[in-house]
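Each chain is listed here by its residues.
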Amino acid sequence: MKSFKRRLTGLHADHRRIAAGAARVAFFLLLGKAAGAFKEMAVAYRYGVSDAVDAYQYTLTLASWLPLTLVGALSVVLIPVLVRTRKADRPSRARFLGELQGWTMLIGGVIGLLIYMGWPWLLQWAGQGLNPQAQRMSQELTLAFAPAALFTLMTGISAARLRAHERHINTLLDSVPAVVILVWVLLAGVVTDVGPLLWGTLVGYFIQSVWLLWLAARADGMWGRPRLGFSAQQWPDLVKAAGIMLIGQLAMSFVGPIDQYTAANLEGNANATLGYAARLLSLLLGLGAASVGRAALPVLADIHSRGDVQRARSMALKWSALMLLAGVGVTAVGWLLAPWGVALLFERGAFTAQDTTAVADVLRWGLLQMPFYFGVLILVQLLASQNRYRVMALIAVANFGLKAIMNFVLAPIMGTAGIMLAPSLMYALSYTCYVLVVLRGPVTPPSPTGS
């Protein structure tokens, strides 16, 4: 025990920063995912595997696709910029944050309006596999998910501001929508439609966005009064980098909608089955790799800003190997306990033993992606800290191409399980590509827009 403590205290300070940040993120994720699990238990109890859950899963995935894509692309390039901006004078910081907030609110409002107006067309084009009842429910749910687009973008920007200060409370507040949905579903007298899901979603996303904005303002020491313009000096490099990153993020963002489209054309409420399995899988992914990945980016960006590229690369490779081994262990344990876990969380009320068997089978195939996902996420943060967005975009496009092909090949053979197996092959390709790229360099700091 003493030897372990000596080795722990002997770690480099940057390793300890990542470890401490990962521990905080994992703790917050555990609380947040627990809230999400209780929400899923309540939904399963009230709705089971039904048209309402099909409609909710379909609408959630497609309506949040573009906002989450923008947040994913922007936050990766924004956090290193915000880390550097901490050293700027107060007026410069206030100008950049204000313009960032202004454009975020404008773009979020436009996206929300487009979602609401275009949903009937989207249902005709990509929702033909849903029955008329599920299509009607999906249309109703846009009353919540259209404004949620604005709230999602505001939340993403506030979370990036907090992470730039190595504060990870945003991870805990990710559970706010789940908690509100949980309360709304449980308090509903009789569940006959998607009303509780609709209002829980709308109120939950609103509370989350306002709360995070307040916390971000405290962390930065300013609100960043919204304004439109590009006068801040951070914009030129940020826009170039974000444009490159958005290409890869757009490619990867199609994975969710493709899964929903593929599942919608399978029989037996495949969307609902896939949704339950995916949410259990996200719990394991979040507690492991996501905790380290979220903690690592601001630390690696800080190391890179000091010009110590070799140390950043060495740290990332060590953490990646450790996470790969952890992923193997999680996969083995998860494969054995999948039926028990699904039954414990969901098997009550309208969710039957037959539903447990179906969801557990799909979940097991999804677990095969764990080692590669665990291993690759820290390498993604390394390349992001080095501004190597072109390489990241190319890998993302290749990943999406493989995923789309595997969906087309495996879904007709294996059903919903094939949809879950495809990401395992995708992340295996991703991990291989990232390891090769990291091993090849760079040995000197790259240009702001990457290589």
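Treat the numbers as computed from the prediction; the structure is a model and nothing was measured.

**Points about the pattern of salt bridges**
Two side chains with opposite charge may pair up if their charged atoms get near one another.
So, point 1. A full pass over the atoms with the stated rule returns 3 salt bridges.
So, point 2. The salt bridge involving Arg136 is made with Glu140; its shortest N-O contact spans 2.4 Å. Taken together, the residues span about one helical turn, with Arg136 and Glu140 both in helix 6 (residues 132-164) at a distance of 4 residues.
So, point 3. For Arg136, a relative accessible area of 35% translates into the label partly exposed.
So, point 4. A residue is classified by how much of its surface remains accessible, and Glu140, at 27% relative accessible area, is partly exposed.
So, point 5. A salt bridge links Asp259 to Lys403, with the shortest nitrogen-to-oxygen separation between them at 2.5 Å. A residue pair is termed long-range when its members are at least 10 positions apart, and Asp259 in helix 11 (residues 255-264) and Lys403 in helix 16 (residues 389-414) qualify at 144 residues.
So, point 6. The class of Asp259 is buried, set by a relative accessible area of 11%.

**Quick look at the packing of aromatic side chains**
So, point 1. Across all of its chains, the model carries 12 aromatic pairs by this definition.
So, point 2. Ring geometry for Tyr58 against Trp119: centres 6.3 Å apart, planes inclined by 75°, an arrangement best described as edge-to-face. Pair noted here: Tyr58 is in helix 3 (residues 51-63) and Trp119 is in helix 5 (residues 90-126), with a separation of 61 residues, a long-range link. Here Tyr58 and Trp119 have matching classes, each one buried.
So, point 3. Judged by centre distance (5.6 Å) and plane angle (65°), the rings of Phe151 and Phe206 are edge-to-face.

**Things to note about the side chain of Asp259**
So, point 1. A polar atom in the side chain of Asp259 sits 2.5 Å from the side chain of Lys403.
So, point 2. A distance of 3.0 Å separates a polar atom in the side chain of Asp259 from a polar atom in the side chain of Asn407.
So, point 3. For Asp259, the residues in contact, after removing those within four places along its chain, are Leu274, Lys403, Asn407 and Ile419.

**Focus: helix 9 (residues 195-220)**
So, point 1. When the terminal C-alpha atoms of helix 9 are compared, their 38 Å separation across 26 residues agrees well with the 38 Å that a helix rising 1.5 Å per residue should span.
So, point 2. Just past helix 9, the residue Gly221 takes up positive phi, approximately 80°.

**Digging into the packing of helix 5 against helix 6**
Describing two packed helices takes the angle between their axes plus the distance from one axis to the other.
So, point 1. Where helix 5 contacts helix 6, the two axes come as close as 9 Å, and the packing angle between them is 165°. As summarised for this structure, helix 5 and helix 6 are arranged roughly antiparallel, according to the angle between their axes. Helix-helix and strand crossings are classified by hand; for helix 5 and helix 6 the assignment is right-handed.
So, point 2. Counted by class, the contact of helix 5 with helix 6 contains 18 nonpolar, 9 polar and 1 charged residues.

Calculation rules
- Residues numbered from 1 in each chain as written.
- Predicted model: local features only at pLDDT ≥ 70, side-chain atom pairs only at ≥ 80, totals over all residues.
- Heavy atoms only, no water.
- Salt bridge = Lys/Arg side-chain N within 4 Å of Asp/Glu carboxyl O.
- Helix = DSSP H or I, 4+ residues; strand = E, 2+ residues; numbered from the N terminus.
- Buried < 20%, exposed > 50% of the residue type's maximum accessible area, 1.4 Å probe, protein only.
- Phe/Tyr/Trp six-rings, centres within 6.5 Å; stacked < 30°, edge-to-face > 60°.
- Polar contact = N/O pair within 3.5 Å; in protein donor to acceptor, adjacent residues only side chain to side chain.
- Contact = heavy atoms within 4.5 Å.
- Expected span 1.5 Å × (residues − 1).
- Axes fitted to C-alpha atoms, helices over the stretch in contact; angles between N-to-C directions.
- Parallel < 35°, antiparallel > 145°, perpendicular 65-115°, else oblique.
- Left-handed = near helix turned anticlockwise from the far one by under 90°.
- Nonpolar A, V, L, I, M, F, W, Y, C, P; charged D, E, K, R; others polar.

This is a description of form; function is not addressed.
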